[in-house]
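# Reading the structure
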Amino acid sequence: METVDKEAKKRRKEARHKSKRIFLERKSTRSENWLGLDNAALIYPAIATSEWSAVYRFSAYLYKDVVPETLQQALNVVLPRFPSLNVYIRRGLFWFYFEQLTHTPTVKPETANVCKNIAFRPNRALFRVRYHNNKITLECFHALTDGVGSSNFFTCLIAKYLQLTGENVDISECPINILDKPDAEELEDSFERYADFVKCNARKEEGAYQIPGTETERLNAIIGVMSASALNAVAKGLNCTITQLLIAAYAKALLNYSDWRRNRKLPIKISVPINCRAFLPSQTQRNFSSYINLIFRPGENASTIEELIGSIKDQMSVINADYLIANINSNVKAQKNPIVRIMPLAIKNAILKIVFRNFGENLFTTAISNLGRVKVPSSFNGLVDRYEAMLGRGVKNTINCGCVTVNDKLSISFTSKIGETRIQRDFFRFLSSLGVDITITSNLLEV
Amino acid sequence: MEHYCDKCKVKVDGSQVFCPLCGRRCSKLPIGNDERYKIFPRPEYKNDTLPAVINKMSIILLLATVICIAVELIVSGGFWWSAFVLASTVLFYCALLAPIKHRWTVAGSLANAYLFVGGYLLFLELMTNSYGWGVMYVIPLFIFAMSVVNVFIMLLKPERKWSYLLPLLVTFFLALTLFIYNWAAGSSVLWPSMAAFFFACAVLIYILIFRFRSFVRSMKKNFHA
């Protein structure tokens, strides 16, 4: 056991040294106003289409209507603090790269089409800031940053906006202090820092069941808002965390789905993103997340919630620093392959598209991403009602789920490209049966 | 204001008339269109008509070309005039319609247009047997014009000069190829291709020598592996 600890310590020490070296290398890059994509970001621009936008969305509901001019002022102040977001994407000969924007994007009124794709144009930002009545929305291309990075930016933006409207908000309580200068470590590719190539996780995985349905032109969103403390009490009663309870409820709804019950050839697999910063210390504001695919088969997982929670706990128990490093290793190893490196971008894109279509989304049925309790200034309590997090459209995965908690309000947003709402209905009905008060809203058209 | 869905046992936001989960009507209020209380704005279906228009134009072009080929084959049993129509169609689509449809950058569109127009001029030269007028005068003049356009654009947009490196390189390589071809073929008039080549060289050398650091930076960005 001690030997394993020593090895792990040695590996961390090596990672720290490597990180310093990467900082020095990156220093010259930063002065040139361009940035290479991090390891997780490489795939997104290659495969992003109007069908698969790789865009996710955060919304904040305030108690007062939004003043667009003030929101624009806030964006002008906050954006330079986040150099990793203040960029647009360009094509190099071998890889895409980011170049610094020369202007701040304009805030615009929201449209009902959520998570619409963002086109790659010269000097055009890869995120949108929108407003509608009392709601401020950020839609972000995943190549820029993950949920944690963008929620930090979003919170800073809201805090600055509220401060400019005359509210008493302490900016220093934000996850990132916008008065500070951007730290070099916030721009690092932490995947590269932690990759030691000692052990790689196997890539070969069984395919997953895909939910069929009638495709709609727009992405349909159904959002359920509930008290986080009430759900936490229920979770404690079941001896699990909120995330585990939500995954179990989702799995239960999927296992009861009639089409799957008829056609049980492939298992149901739920992809759960993991914030690597929780296990591997990093200040990066770029992508630094991994995932685990939880498998549910009819025989193995009985349909009672307790048994499902037990199965989820078992499957999630493998998540630790070593598991994540092994995951990172297999991805970074592919990126560092000399053949891949010298392959022209157009060929790489074509290969990545084929690989993603056949081995990417095929490996999981749906994704559920719980950002947990987002750190916001204490003064948000009387100014911001709640946050919302939505995942974008998938090519094969028809439904995805995003959850976020602010001010004790947990918001669970299902985004789906099919008209059928059976799974969402079963999910919320189940949570309601546990005694949780839920308020539902949606962007579905009323006819 | 919130409604309640008895079936799903959930509250439904006041902006909704029907329960989004089961579709049951849970409000007795008439279906309102008051945007003030809507959580999501009304959907806008802004269809991008440009790709559709270009697709239609491409189909018309293709049909016209096919008809020309068919008529000539039937009437004279040959392929002489139809070849010009086919080449013009390819040029029109690849050099103009495709870059507009896919919204290429100006630099990319220019480089692409140079290649296709150069190829088209060469095709005309080969097909019409113009006693070398094409390769001796017309194509060098075209390359000269390309260099002038490159310089003009770089002067107009100095902040994005490096975006135009690709058309500059295309111009240089076309000029070089033409100069070598004329020289090797022993053309009687060598000065137009030589002038076009030296002008393209001069622009590239200016960029490489006087803007060397910026050039290296641009190379690093574009060629980082």
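Since the structure is predicted, the reported quantities are computational estimates derived from the model, not experimental observations. (Residues numbered from 1 in each chain as written. Chains lettered and ligands numbered in written order. Predicted model: local features only at pLDDT ≥ 70, side-chain atom pairs only at ≥ 80, totals over all residues. Heavy atoms only, no water.)

On to the overall build of chain A, then. Helix and strand counts for chain A stand at 13 helices and 15 strands. A total of 447 residues make up chain A; the buried ones form 57% of that total. For chain A, restricting intrachain contacts to residue pairs at least 6 apart in sequence, the fraction spanning at least 24 positions comes to 76%. Carbon and sulfur atoms form 52% of the exposed surface of chain A, whose accessible area is close to 18,500 Å². (Helix = DSSP H or I, 4+ residues; strand = E, 2+ residues; numbered from the N terminus. Buried < 20%, exposed > 50% of the residue type's maximum accessible area, 1.4 Å probe, protein only. Contact = heavy atoms within 4.5 Å. Areas by Shrake-Rupley, 256 points an atom, 1.4 Å probe, with all protein chains shown as cover.)

Right, let's talk about the overall build of chain B for a bit. When helices and strands are tallied, chain B shows seven helices and two strands. Starting at the N terminus, the α and β elements of chain B follow one another as β-β-α-α-α-α-α-α-α. Burial status across chain B gives 38% buried among its 225 residues. Excluding contacts between residues fewer than 6 apart, the proportion of contacts in chain B whose partners are at least 24 apart in sequence is 52%. As displayed, chain B has an accessible area near 13,400 Å², and 72% of this comes from carbon and sulfur atoms.

Between chain B and chain A, the contact holds 39 residues from the first and 50 residues from the second. Contact between chain B and chain A buries roughly 3,900 Å² in total, counting both sides, with carbon and sulfur atoms accounting for 54%. Across the chain B-chain A interface, the total number found is one salt bridge. Asp437(A) is paired through a salt bridge with Lys11(B); the nearest N and O atoms lie 3.4 Å apart. At the junction of chain B and chain A, the tally comes to six residue pairs in polar contact (both at pLDDT 80 or more). (Buried area = accessible area lost by both parts, 1.4 Å probe. Salt bridge = Lys/Arg side-chain N within 4 Å of Asp/Glu carboxyl O. Polar contact = N/O pair within 3.5 Å; in protein donor to acceptor, adjacent residues only side chain to side chain.)

A few words now on a positive patch on the surface. Residue and element names in this part refer to chain A. Among the surface-exposed residues, Arg91, Lys353, Arg357 and Lys396 lie close enough to one another that they form a single positively charged patch. Tracing the backbone through its elements, the reader meets Lys396 in the loop between β12 (384-390) and β13 (399-406). Residue classification places Lys396 among the partly exposed residues on the basis of a relative accessible area of 30%. (Patch = residues over 30% accessible without salt bridge, like charges linked within 9 Å, V, L, I, M, F, W, Y side chains within 5 Å. Lys, Arg positive; Asp, Glu negative; His and termini not counted. Charge placed at Lys NZ, Arg CZ, Asp CG, Glu CD.)

A separate point is the packing of helix α6 (residues 228-237) of chain A against helix α7 (residues 242-255) of chain A. Packed helices, taken two at a time, are described by the angle between their axes plus the distance between the axes. All names here are of chain A. Contact geometry of α6 with α7 gives a least axis separation of 9 Å together with a crossing angle of 80°. When the interaxial angle is binned, α6 and α7 end up roughly perpendicular. Contacts between α6 and α7 pair Ala228, Leu231, Asn232, Val234 and Ala235 from the former with Ile242, Leu245 and Leu246 from the latter. Grouping the amino acids of the contact of α6 with α7 by side-chain chemistry returns seven nonpolar, one polar and no charged. (Axes fitted to C-alpha atoms, helices over the stretch in contact; angles between N-to-C directions. Parallel < 35°, antiparallel > 145°, perpendicular 65-115°, else oblique. Nonpolar A, V, L, I, M, F, W, Y, C, P; charged D, E, K, R; others polar.)

Before going further, it helps to spend a moment on the sheet that holds β12(A). Residue and element names in this part refer to chain A. The five strands lie next to each other as β5-β6-β7-β2-β12, forming an open sheet whose pairing is mixed. With one partner strand each, in any of the chains shown, β5 (108-109) and β12 form the two edges of the open sheet. With two bridges connecting them, β5 and strand β6 (residues 127-132) associate as parallel partners. Each residue of the ladder has a partner; that of Pro109, found in β6, is Tyr131. Strand contacts of helix α4 (residues 147-164): β2 (55-62), β6, β7 (135-141) and β12, with the helix running at about 30° to β2, the strand carrying the most contacts. (Pairing = 2+ DSSP bridges.)

Take the pairing of β2(A) next. Each regular strand shows side chains that alternate between the opposite faces of the sheet. Residue and element names in this part refer to chain A. Of all eight residues that make up β2, eight are buried, and the element is covered over most of its length. Judged from the seven bridges that link them, β2 and β7 form a sheet pairing that is antiparallel. Its bridge partner lying in β7, Ala60 is registered against Ile136. Pairing of β2 with β12, which is carried by six bridges, proceeds in the antiparallel orientation. Across the sheet, the residue bridging to Tyr61 is Arg386, located in β12.

What follows concerns a nonpolar patch on the surface. All names here are of chain B. Taken together, Leu50, Val53, Met57, Phe92, Leu96 and Ile100 make up a surface patch of nonpolar side chains, about 450 Å² in accessible area. Sorting the residues of the nonpolar patch by element identifies α1 (49-75) and α2 (80-101) as the ones contributing at least two each. Checked against the element boundaries, Leu96 lands in helix α2. By relative accessible area, which is 40% here, Leu96 ends up partly exposed.

Turning our eyes to something else, we now look at the environment of Lys313(A). Residue and element names in this part refer to chain A. Within the secondary structure, Lys313 sits in helix α9 (residues 305-316). On the basis of relative accessible area, Lys313 is assigned to the partly exposed category, the value being 30%. Each C-alpha atom of the pair Lys313 and Ile247 lies 10 Å from the other, and the pair is 66 residues apart in sequence. Sequence-distant contacts of Lys313, defined by excluding residues within four places in its chain, comprise Asn239, Cys240 and Gln244. Within the structure, Lys313 has its side chain in polar contact with the backbone oxygen of Asn239 (distance 2.3 Å).

Residue and element names in this part refer to chain A. Within this structure, the stated rule accounts for five cavities of 30 Å³ or more. By volume, the second largest cavity amounts to about 70 Å³. Taken together, Ile47, Thr49, Trp52, Lys353, Phe356, Arg357 and Val395 make up the lining of the second largest cavity. It is helix α12 (residues 345-360) that contributes the most residues to the lining of the second largest cavity, three residues altogether. Looking at the lining of the second largest cavity residue by residue, the class counts come to four nonpolar, one polar and two charged. (1 Å grid on protein atoms, 1.4 Å probe; cavity = no way out; pocket = protein on both sides within 12 Å on 5 of 7 lines; lining within 4 Å. Points joined across faces, edges and corners; volume = space filled by probe spheres on them.)

Residue and element names in this part refer to chain A. Along the chain, Tyr131 falls in strand β6. Each C-alpha atom of the pair Tyr131 and Val66 lies 6.8 Å from the other, and the pair is 65 residues apart in sequence. Apart from residues lying up to four places away in sequence, Tyr131 is in contact with Val66, Pro68, Leu71, Val107, Lys108, Pro109 and Glu110.

Now for the side chain of Asn329(A). Mapped onto the secondary structure, Asn329(A) falls in helix α10 (residues 321-336). From its side chain, Asn329(A) meets the backbone nitrogen of Phe197(A) in a polar contact 3.1 Å long.

A word on the packing of aromatic side chains. The tally for this structure, following the rule as stated, stands at 27 aromatic pairs over all chains. An aromatic cluster is present here, built from Trp80(B), Trp81(B), Phe84(B), Tyr120(B) and Phe123(B) joined pairwise through their rings. Positioned above the aromatic ring of Trp95(A) is the side chain of Lys348(A), whose terminal nitrogen or guanidinium carbon lies 3.7 Å from the ring centre. Stacked on the ring of Tyr61(A), the Lys or Arg Arg386(A) has its end atom at 4.0 Å from the ring centre. (Phe/Tyr/Trp six-rings, centres within 6.5 Å; stacked < 30°, edge-to-face > 60°. Lys NZ or Arg CZ within 6 Å of the ring centre and 35° of its normal.)

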